[in-house]
Amino acid sequence: MNFIDLAAQQRRIKEQVDQNIQKVLSHGNYIMGPEIKELESKLAAYVGVKHAIGCASGTDALLMALMAYNVGPGDAIFTTPFTFIATAEVISLLGATPVFVDIDPDTFNIDPAKLALAIQAVKSNDSSIHPLPNNNVNLKTENVTLTPRGVIPVDLFGLPADYDTINRIAKERGLFVIEDAAQSFGGEYKGKKACSLADIACTSFFPAKPLGCYGDGGMCFTDDDQLAEIMESIRVHGKGGHKYDNVRIGINGRLDTLQAAILLAKFEIFPEEVQLRQEAARRYSTLLSHNSSLLTPRIPDGYKSVWAQYSLLAKDEGHRSSLQKQLQENKIPTAIYYPKPLHLQTAFKSLAYAEADFPVSENAAGRIFSLPMHPYLSVQDQEKIGQVIV
Ligand SMILES: *Cc1c(COP(=O)(O)O)cnc(C)c1O
């Protein structure tokens, strides 16, 4: 059994993928070829935003979004510690400071009430209100207070965060919001598609994501004309009117034409795959929700997960280990996203966070595990999993 079955998908679309690749080989525009614009306009229309900017990875998408807001030293960017490293890594790369905010225990996404407290704590430089990082990390100066600039909520496992509340809190305080939609392309929130829920949204086409390519890739989405123009410039070394007119510091952040061509083939079956993921998730929940020692995913009303992962909570770490062992003995792969919250990672040691700063994230990290999830998961395989987990 595969954790994610990309081969089954490839069997469906091989002809179209081959055809699209051949087309790129014959026109030869490997950098910023016509497939880039075609993909951008198709995905922007699907998501329901004005602009889409293809880029080299989900990480670059987040980096470009923060760079578009001129984020740098002294800026506080609020995000969750229960995510992939990339979300917070880009904040530190720009010399800004990640300020972690604990998650909601039901959705694993940033807790808006705690976000409001964290912003207040930074503004008043008072860690008795909410745990704060060491704020001199990137500044090499004493007693410099951080300025709250933006929020990066993460749509973990494909489920959008609570954007109505997050956007309201951010707008009232003059902060921007960047949706980390690396896992949620295809998800929905109150009738709107993921990737349309904040000022800028960033997704990833890493092969294991719901819409993945055959390498690295990503995309930024926004309705804001000016931000779109800036991100397009940042994507190509801060270009101005032409390639050798450089108006700002940028990166080499382009999406490869070949990856765009592959994505165009994959996107044709994507809406159907989203549907198949819903059915697979529903079957899991039917098979497993009677098990009182397990917590199956809870999707609030008005939300739709794209099920990048189907993640469960065991009773405790020991229970999780024994379940994983049982599954492994039956050749059923599992994974843990994420075993160590970011505030406890060595990479963020200099922020000087402590254990118990974010108890909900720490608790989830000790109990969570994910089951195989992809559109081609068979009923038989899921029933087998249901029988092994007793
Ligand atoms: C995958 C992922 C990223 C980074 O995407 P890459 O394309 O691998 O650079 C960022 N944030 C989250 C939540 C992710 O899952």
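Just above sits the structure.
Quick summary incoming for the structure in this document. (Residues numbered from 1 in each chain as written. Predicted model: local features only at pLDDT ≥ 70, side-chain atom pairs only at ≥ 80, totals over all residues. Heavy atoms only, no water.)

On to the overall build of the chain. Helix and strand content of the chain: 11 helices and 12 strands. For 390 residues, the compact-globule estimate of 2.2 N^0.38 gives 21 Å, and the C-alpha radius of gyration of the chain, at 21 Å, lies within 12% of that figure. Within the span of the chain, comprising 390 residues, buried residues form 55% of the whole. Pairs at least 24 apart in sequence give 71% of the contacts found in the chain among residues at least 6 apart. In the form shown here, the chain has an accessible surface area of approximately 16,200 Å², with 49% of it arising from carbon and sulfur atoms. (Helix = DSSP H or I, 4+ residues; strand = E, 2+ residues; numbered from the N terminus. Rg over C-alpha atoms; globule rule 2.2 N^0.38 Å. Buried < 20%, exposed > 50% of the residue type's maximum accessible area, 1.4 Å probe, protein only. Contact = heavy atoms within 4.5 Å. Areas by Shrake-Rupley, 256 points an atom, 1.4 Å probe, with all protein chains shown as cover.)

Turning our eyes to something else, we now look at the site of the ligand. Taken together, 16 residues surround the ligand, and among them Gly58, Thr59, Gln183, Ser204 and Lys209 come closest. Contacts to the ligand include Ser204, whose side-chain N or O atom sits 2.6 Å from an oxygen atom. Within the complex, 93% of the 380 Å² of free accessible area of the ligand lies under protein. Counting atoms within 2 Å of the grid points, the majority share of the ligand lands in the largest pocket. (Near = heavy atom within 4 Å. Polar contact = N/O pair within 3.5 Å; in protein donor to acceptor, adjacent residues only side chain to side chain. 1 Å grid on protein atoms, 1.4 Å probe; cavity = no way out; pocket = protein on both sides within 12 Å on 5 of 7 lines; lining within 4 Å. Sits in = over half its atoms within 2 Å of the grid points.)

This paragraph deals with the sheet that holds strand S10 (residues 303-304). Here 3 strands make up an open sheet; going across it, the order is S7-S6-S10 and the pairing antiparallel. The open sheet has two edge strands with one neighbour each: strand S7 (192-193) and S10. Pairing geometry for strand S6 (residues 188-189) and S7, over 2 bridges, is antiparallel. Paired with Glu188 across the strands is Lys193, a residue of S7. (Pairing = 2+ DSSP bridges.)

To continue, consider the layout of surface pockets. Of the pockets and cavities examined, the largest pocket occupies roughly 420 Å³. If you go around the largest pocket, you meet 24 residues; those closest to its centre are Phe84, Ala182, Ser204, Phe206 and Lys209. Looking at the lining of the largest pocket, the elements with two or more residues in it are helix H3 (58-68) and helix H4 (86-93). Of the residues forming the lining of the largest pocket, the biggest block, 3 residues, is contributed by H3. Residue composition of the lining of the largest pocket, grouped by class: 12 nonpolar, 9 polar and 3 charged. Composition of the lining of the largest pocket by domain shows at least three residues from each of domain 1 (6-102 + 109-265) and domain 2 (270-388). (Points joined across faces, edges and corners; volume = space filled by probe spheres on them. Nonpolar A, V, L, I, M, F, W, Y, C, P; charged D, E, K, R; others polar. Domains from an automatic or database assignment.)

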